[in-house]
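Commentary on secondary and tertiary structure
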Amino acid sequence: MKHLITGVKPTGSSIHLGNLMGAVLPFGRLAEGNDAAIFIADLHALTSVKNGDLLRKQTHEVALNYLAAYGADTDIAIFRQSDVALIPKLNWILASVTPYSLMLRAHSFKDAEGKGAEINMATFTYPILMAADILAYDIDVVPVGKDQIQHLEMARDIARAFNKAYGQDVFKEPSAHVEKSVETLPGTDGRKMSKSYDNFLGVFDDEKTLKKKIGQIVTGSEGLDDPKPLDNNVYALAKVFATPERLSEMRGKFERGTGYGYGHAKADLLEILLDSLAPIRERYSALKDDSAFVEEKLRAGARKMNARIEAKMEVVSKLVGA
Ligand code: AMP
């Protein structure tokens, strides 16, 4: 059994289909038979979100999304980063062994700088807080997107720097898990589905919104009765969500063409999505009105992780003398 953790920043709206298929469900599969946790990185979000009510709301929404995806009785510990009070202490201890030159190499603040965003000190030292979030709980494996590989490497460097400074193997070096099998889902304009392109289909969008967004999917100019190439954007999404029978039916209709236009295909796609997402959408609706339950799940997650970090910090505090 391995210890896994992943973090998610509560900086935006609900998850979209790309997040679900590319990150949320793969983590759920990885978690099976292992000890897994997800922290909602509200402290990390402070670098950009400057509205407490909004941050609280978004944090709750992330928890709701994950509970809907995994089921209310999931074994995955879902918790708020800020509910683990020892994280900032560990962050400081780790900052005290982290070379300035290491932070200067981080892509994250250079990217933010490139985009003209505000660079505050937390943006700059972000990888140290991320290291604390991982090293605190003796994590073995962290699933990461390609953009996070460097940060995980830094967490390993920081673990080594601490262990060297104090002459003891206190922190375990986590390994990265890069999900290879996942395809990139296209958005309505054919580019990668992404919040920043505003081309996404939200997992919890209401039916009317989904219908409208599916209507906007960019397609070819083949006529109603022409055969249609299978590399079209409607099929690309149907492929991921349809049952094999339903998909082969759609494939047949596209290949024949006759009387099957993109409008028909879009209506089919809406049905396919609603069917495939029904269980998760139903769980979402049920939990949406039960914020007390969601909050209790977050507290339970925090209790488990606090116990872990308290045990770790006993060793750390003894060594560092603070
Ligand atoms: P983001 O919030 O855009 O950083 O997305 C979080 C994670 O969701 C990424 O690390 C990917 O694993 C996954 N993801 C996002 N967009 C897509 C997409 N269009 N197709 C597949 N996976 C995606």
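Residues numbered from 1 in each chain as written. Predicted model: local features only at pLDDT ≥ 70, side-chain atom pairs only at ≥ 80, totals over all residues. Heavy atoms only, no water.

Two elements in contact, helix H3 (residues 52-70) and helix H13 (residues 291-320), have axes separated by 10 Å at closest approach and are oriented at 90°. Considering their axes alone, H3 and H13 lie roughly perpendicular with respect to each other. Across the interface between the two elements, His60, Ala63, Leu64 and Leu67 of H3 pack against Ser291, Val294, Glu295, Lys297 and Leu298 of H13. (Axes fitted to C-alpha atoms, helices over the stretch in contact; angles between N-to-C directions. Helix = DSSP H or I, 4+ residues; strand = E, 2+ residues; numbered from the N terminus. Parallel < 35°, antiparallel > 145°, perpendicular 65-115°, else oblique. Contact = heavy atoms within 4.5 Å.)

Right, let's get into unusual backbone geometry. Residue Asp138 is not a glycine yet carries a positive backbone phi of 50°. Not every positive phi belongs to a glycine, and Asp198 is a case in point at roughly 55°. As for its position among the elements, Asp198 is in the loop between strand S5 (175-177) and helix H9 (207-215).

All right, on to the site of the ligand then. Contacts to the ligand come from His16, Gly18, Asn19, Gly22, Ala23, Glu183, Thr184, Leu185, Lys192 and Met193. Within the backbone of Gly18, a nitrogen or oxygen atom sits 3.0 Å from a nitrogen atom of the ligand. Between the ligand and Asn19, the relevant distance is 3.1 Å, taken from an oxygen atom to a side-chain nitrogen or oxygen of the residue. Within the complex, the protein chains bury 64% of what would otherwise be the 480 Å² of accessible surface of the ligand. Within the shell around the ligand, the residues separate by chemical class into three nonpolar, five polar and two charged. (Near = heavy atom within 4 Å. Polar contact = N/O pair within 3.5 Å; in protein donor to acceptor, adjacent residues only side chain to side chain. Areas by Shrake-Rupley, 256 points an atom, 1.4 Å probe, with all protein chains shown as cover. Nonpolar A, V, L, I, M, F, W, Y, C, P; charged D, E, K, R; others polar.)

Mapped onto the fold, Ile214 is located in helix H9. As a C-alpha pair, Ile214 and Asp189 span 25 residues in sequence and 10 Å in three-dimensional space. Sequence-distant contacts of Ile214, that is, excluding residues within four places in its chain, are made with Leu201, Lys266, Leu269, Leu270 and Leu273.

Attention shifts here to the side chain of Asp205. Along the chain, the position of Asp205 falls in the loop between S5 and H9. At 2.7 Å, the side chain of Asp205 forms a polar contact with the side chain of Lys213. Setting aside chain neighbours within four positions, we find Asp205 in contact with Leu210, Lys213 and Arg281.

Let's shift gears to the packing of H3 against helix H12 (residues 262-288). Taken N-terminus to C-terminus, the directions of H3 and H12 make an angle of 135°; their axes are 8 Å apart at the nearest point. Classified by the interaxial angle, the pair formed by H3 and H12 is oblique. As H3 runs across H12, the sense of the crossing is right-handed. Contacts between H3 and H12 involve Glu61, Leu64, Asn65, Leu67, Ala68 and Ala69 from the former and Ile280, Arg283, Tyr284, Leu287 and Lys288 from the latter. By residue class, the composition of the contact of H3 with H12 is seven nonpolar, one polar and three charged. (Left-handed = near helix turned anticlockwise from the far one by under 90°.)

Moving on, we get to helix H10 (residues 233-241). Within H10, seven of the nine residues are buried, leaving the element largely enclosed by the surrounding structure. If you check which residues of H10 are buried, you get Asn233, Val234, Tyr235, Ala236, Leu237, Ala238 and Phe241. Contacts made by the buried residues of H10 are with helix H1 (17-31), helix H11 (244-256) and H12. Its side-chain oxygen at 3.0 Å from the backbone nitrogen of Val234, Asn232 defines the N-terminal cap of H10. (Buried < 20%, exposed > 50% of the residue type's maximum accessible area, 1.4 Å probe, protein only.)

Further remarks concern the pattern of salt bridges. Applying the stated criterion to the full structure yields 19 salt bridges. Its salt-bridge partner being Glu173, residue Arg156 comes within 3.4 Å of it at the nearest N-O pair. Residue Arg156 is located in helix H8 (residues 149-166), and its partner Glu173 is located in the loop between H8 and S5; the two are separated by 17 residues in the primary sequence. The class for Arg156 is partly exposed, based on a relative accessible area of 23%. (Salt bridge = Lys/Arg side-chain N within 4 Å of Asp/Glu carboxyl O.)

Right, let's get into the domain arrangement of the protein chain. Domain annotation for the protein chain reports domain 1 (3-183 + 291-320) and domain 2 (207-284). For domain 1 versus domain 2, the distance between C-alpha centres works out to 36 Å. Across the contact, 12 residues belong to domain 1 and eight residues belong to domain 2. Across the domain 1/domain 2 interface, buried area totals approximately 820 Å², and carbon plus sulfur atoms make up 76% of it. Of the residues forming the side of domain 1 that touches domain 2, the biggest block, six residues, is contributed by H3. Per-class residue counts for the side of domain 1 that touches domain 2 are seven nonpolar, three polar and two charged. (Domains from an automatic or database assignment. Buried area = accessible area lost by both parts, 1.4 Å probe.)

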